Amino acid sequence: MTKEAYLQILSHFIPEENAVDATPFGNGHINDTLKITTASGTAEYILQRINHLIFTNVDMLQDNIRIVTSHIRKKLEERGETDIDRKVLTFLPAKDGRQYYYDGENYWRVCLMIPGSKSLEEITPELSYEAGKAFGDFQSMLADIPDGTLGETIPNFHNMEFRLQQFRDALKTDVAGRSDSVANLVDEIEKRAKAMCVQEELYREGKLKKRINHCDTKVNNILFDDISGKVLCVIDLDTVMPGYVLSDIGDFIRTGANTGAEDDADLNRVNVNMEIFKSYTRGYMETARSFLTPTEICLLPYGGRLLTYMQAVRFFTDYINGDTYYKIHHPEHNLQRTKAQFKLLQSLEEHAAEMDSFMNEWL
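The text that follows walks through the structure, step by step, so that each part is easy to find. Keep in mind that what you see is a predicted model, and the values were worked out from it rather than measured. (Residues numbered from 1 in each chain as written. Predicted model: local features only at pLDDT ≥ 70, side-chain atom pairs only at ≥ 80, totals over all residues. Heavy atoms only, no water.)

Some words on the packing of aromatic side chains
Where we set the bar: Two rings from Phe, Tyr or Trp (for Trp, the six-membered ring) form a pair when their centres are within 6.5 Å of each other. A pair whose planes differ by under 30 degrees is stacked, one over 60 is edge-to-face, and the rest are tilted. The numbering of helices and of strands both runs from the N terminus, where a helix is a DSSP run of H or I of at least 4 residues and a strand a run of E of at least 2. Only protein chains enter the accessibility calculation, which uses a 1.4 Å probe; a residue is then buried when its area is under 20% of its type maximum, exposed when over 50%, and partly exposed in between. In this scheme, Lys NZ or Arg CZ marks a charge over a ring once it lies within 6 Å of the ring centre and within 35 degrees of the ring normal.
With the rule as written, the count across this model stands at ten aromatic pairs. Centre to centre, the rings of Tyr203 and Tyr244 are 5.7 Å apart; their planes meet at 70 degrees, and the pair counts as edge-to-face. Linking Tyr203 in helix 6 (residues 198-204) with Tyr244 in the loop between strand 11 (241-243) and helix 7 (246-256), this pair joins segments that are 41 residues apart in sequence. On the accessibility criterion, Tyr244 (8% relative accessible area) is buried. Across from the ring centre of Tyr319, 4.2 Å away, lies the NZ or CZ of Arg178, which sits over that ring. Of note, Lys210 hangs over the ring of Tyr203, and the distance from its end group to the ring centre comes to 5.1 Å.

What follows is the structure, given as C-alpha cells:
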C-alpha cells in the first residue's frame, strides 16, 4: 500500500488533518504497524492492520481492549496518578462508532502514540525487576474484572492439553514426512506430557482459577519514559484474556531469562539466567502478591517450564506440519527453534529445586 492509502485509512478515525508520513514501526510479528506523523506535530498515531487470520473475532478483540484500557484508566484515577494518558493506551473509535475500521478486506485500528516513551530489548536484572513489577501491577489492576467479561481472543492459546492434541494430530498425518527423523525428540516431548498438563487438571479440581493475563510478557511490551527510564505502561493488548497466572510469569522466564536466542543454533549458549529469574519474580511478587493464592505462588517457577515446553511443542508441531504457521528463514528453522526451547527446558528442570525454594519467601 502507498503512504497515501494509509493516510486515507487514518481519516476514518480522526478529523481531516495534515498527516505527512506513514512509516513501519516496531518489530511485531502478527499485525502490520505504522507510525503516522502529522505536520502540526500536535499528535502522532499508531495505525495497525489487525491480522484477522489469527484474531478471527475482531469485535471481541477490540471490545476486550476497550474494557481493559477503561478499567486500567479507572484504577489509575482511583490511585490519584498523574499523567494518566501516558500510563494507559488510548484507542480511537472509528467515525462509525466501532473500535475498528473495515475496508472490505482488512481491519484497522488507531491508538495515540505515547509521547516521550521508548521500548527496550536488552534484559538486565534491574530491568527484569521493573518488568516484573509492571506485569504484576497490570494483572493486579485487572484482577477484579468479573468472570466472563472478556473473551478468548485466541481460544486455547495457553491450553497445554490442546497444544498436545495438535501435536499428536500432526504426527498422525505427518504431511511433510518428517516424523521418523525426529522420533527421539518426540519421545522426550511425550515423556513430559502428563506433568505439563497440571494447570488444566487443577482447574477442573477447583484448585486453580482463571484470571486476566497479558499472555505475551516480553520486556519490549512495556513502554518506559525516555528521560527517567521509569515504566509508563504495558502495551500489545491483543492477547489479554482469561487464563492462568502461570502464563505471564512463565513467558517472561522463557524469553527474558534465556541466555541464548529463542532459535539459537548453538545450544551451548541456551540456559536459564537465575539472576534474571529472581529479579523478575521479586518485582512481580511486589505488585501481584495481594491477589495470588498459595497454590499459584508455588506453581510460578513451574510456569517457566510449562511455557517453554509449550512453545517447544508449538514450534515442533509446525515443523511436523510443514511450516504453515510461523515464518521461517530456512527449511529447518522450526526444528532449530524446537531444539533451542527444549534445551532451555532442560536447564529449567535442572534449576527447578532452586527456583521452587526461592518461592518459599512468599509463602
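Structural notes on the nonpolar core
A general trend in soluble globular proteins is that nonpolar side chains are found buried together. Condition: To form a nonpolar core, buried Ala, Val, Leu, Ile, Met, Phe, Trp, Tyr and Cys residues must be joined to one another through side-chain atoms within 4.5 Å.
Judged by nonpolar contacts, the single largest core of 95 residues is most densely connected at Met160, Tyr284, Leu292, Leu300, Tyr309 and Phe316. Here this core takes twelve residues from helix 9 (residues 294-320), the largest share from any one element. With 16 residues, the next largest nonpolar core counts Tyr6, Leu7, Ile14 and Ile36 among its residues.

Looking at the pairing of strand 10 (residues 231-234)
Stated precisely, the cut-off is as follows: In this description, strands pair whenever DSSP reports at least two bridges between them.
Pairing of strand 9 (residues 222-225) with strand 10, which is carried by three bridges, proceeds in the antiparallel orientation. The residue of strand 10 that forms the bridge with Phe224 is Val231. Taking the residues between adjacent antiparallel strands as the criterion, strand 9 and strand 10 are bridged by five residues, where Gly229 takes a positive phi near 80 degrees.

Describing the sheet that holds strand 7 (residues 117-118)
Cut-off, in case you're wondering: Residue contacts are defined here by distance: any two heavy atoms, one from each residue, within 4.5 Å place the two residues in contact. To define axes, lines are fitted to C-alpha atoms, for helices over the stretch in contact only, and angles between the resulting N-to-C directions are given on a 0 to 180 degree scale.
The sheet built from three strands is open, its strands ordered 7-9-10 with antiparallel pairing. The open sheet has two free edges, formed respectively by strand 7 and strand 10, since each of these has just one partner strand. This element, helix 3 (residues 125-142), spans strand 9 and strand 10 of the sheet and lies at about 50 degrees to strand 10.

Some points on the pattern of salt bridges
Operational definition: Whenever Lys or Arg places a side-chain nitrogen within 4 Å of a carboxyl oxygen from Asp or Glu, that contact is recorded as a salt bridge.
Taken as a whole, this structure holds 29 salt bridges when the rule is applied. When salt bridges with common partners are traced through the structure, they connect Asp216, Lys218, Asp251, Arg254 and Glu262 into a single cluster.

So, the side chain of Asp251
Looking at the element boundaries, Asp251 is found in helix 7. Those residues in contact with Asp251 that sit more than four places away from it in its chain are Cys215, Asp216, Thr217, Lys218, Leu246 and Leu307.

Here we look at the side chain of Arg109
The following threshold applies: Polar contact criterion, stated in full: a pair of N or O atoms within 3.5 Å, where within protein one must be able to donate a hydrogen and the other to accept it, and residues adjacent in sequence count only if both atoms are side-chain atoms.
Relative to the assigned elements, Arg109 resides in strand 6 (residues 107-112). One polar contact links Arg109 to Gln48, side chain to side chain, over a distance of 2.8 Å. There is a polar contact of 2.8 Å between the side chain of Arg109 and the side chain of Gln62. When near neighbours in sequence (up to four residues on either side) are disregarded, Arg109 contacts Phe13, Asn31, Ile46, Leu47, Gln48, Ile50, Leu61, Gln62, Ile65, Phe91, Gln99 and Asp238.

Concerning helix 3
Under the convention used in this document: In this scheme, a helix's expected span is set at 1.5 Å multiplied by one less than its residue total.
With 18 residues, helix 3 ought to run about 26 Å at 1.5 Å a step, and its terminal C-alpha atoms sit 26 Å apart, in line with that. Looking at helix 3, one finds that the buried residues are Leu127, Ser128, Ala131, Gly132, Ala134, Phe135, Gly136, Asp137, Phe138, Gln139, Met141 and Leu142. On its buried face, helix 3 is in contact with helix 2 (58-79), strand 8 (211-213), strand 9, strand 10, helix 7 and helix 8 (274-288).

So, the state of the cysteines
To keep things clear, this is the line we draw: Any two cysteine sulfur atoms within 2.5 Å of one another count as a disulfide.
The final tally for this structure, using the stated rule, is zero disulfides. There is no disulfide at Cys111, and the cysteine sulfur nearest it, in Cys233, is 9.3 Å away. With a relative accessible area of 3%, Cys233 lands in the buried category.

Description of unusual backbone geometry
With a phi angle near 55 degrees, Asp83 is a residue other than glycine that sits in the positive phi range. Topologically, Asp83 is positioned in the loop between helix 2 and strand 4 (91-92). For Asp83, a relative accessible area of 42% corresponds to the partly exposed category. Here Asp174, not a glycine, exhibits a phi torsion of approximately 45 degrees, which is positive.

These figures come from the coordinates and say nothing about function on their own.
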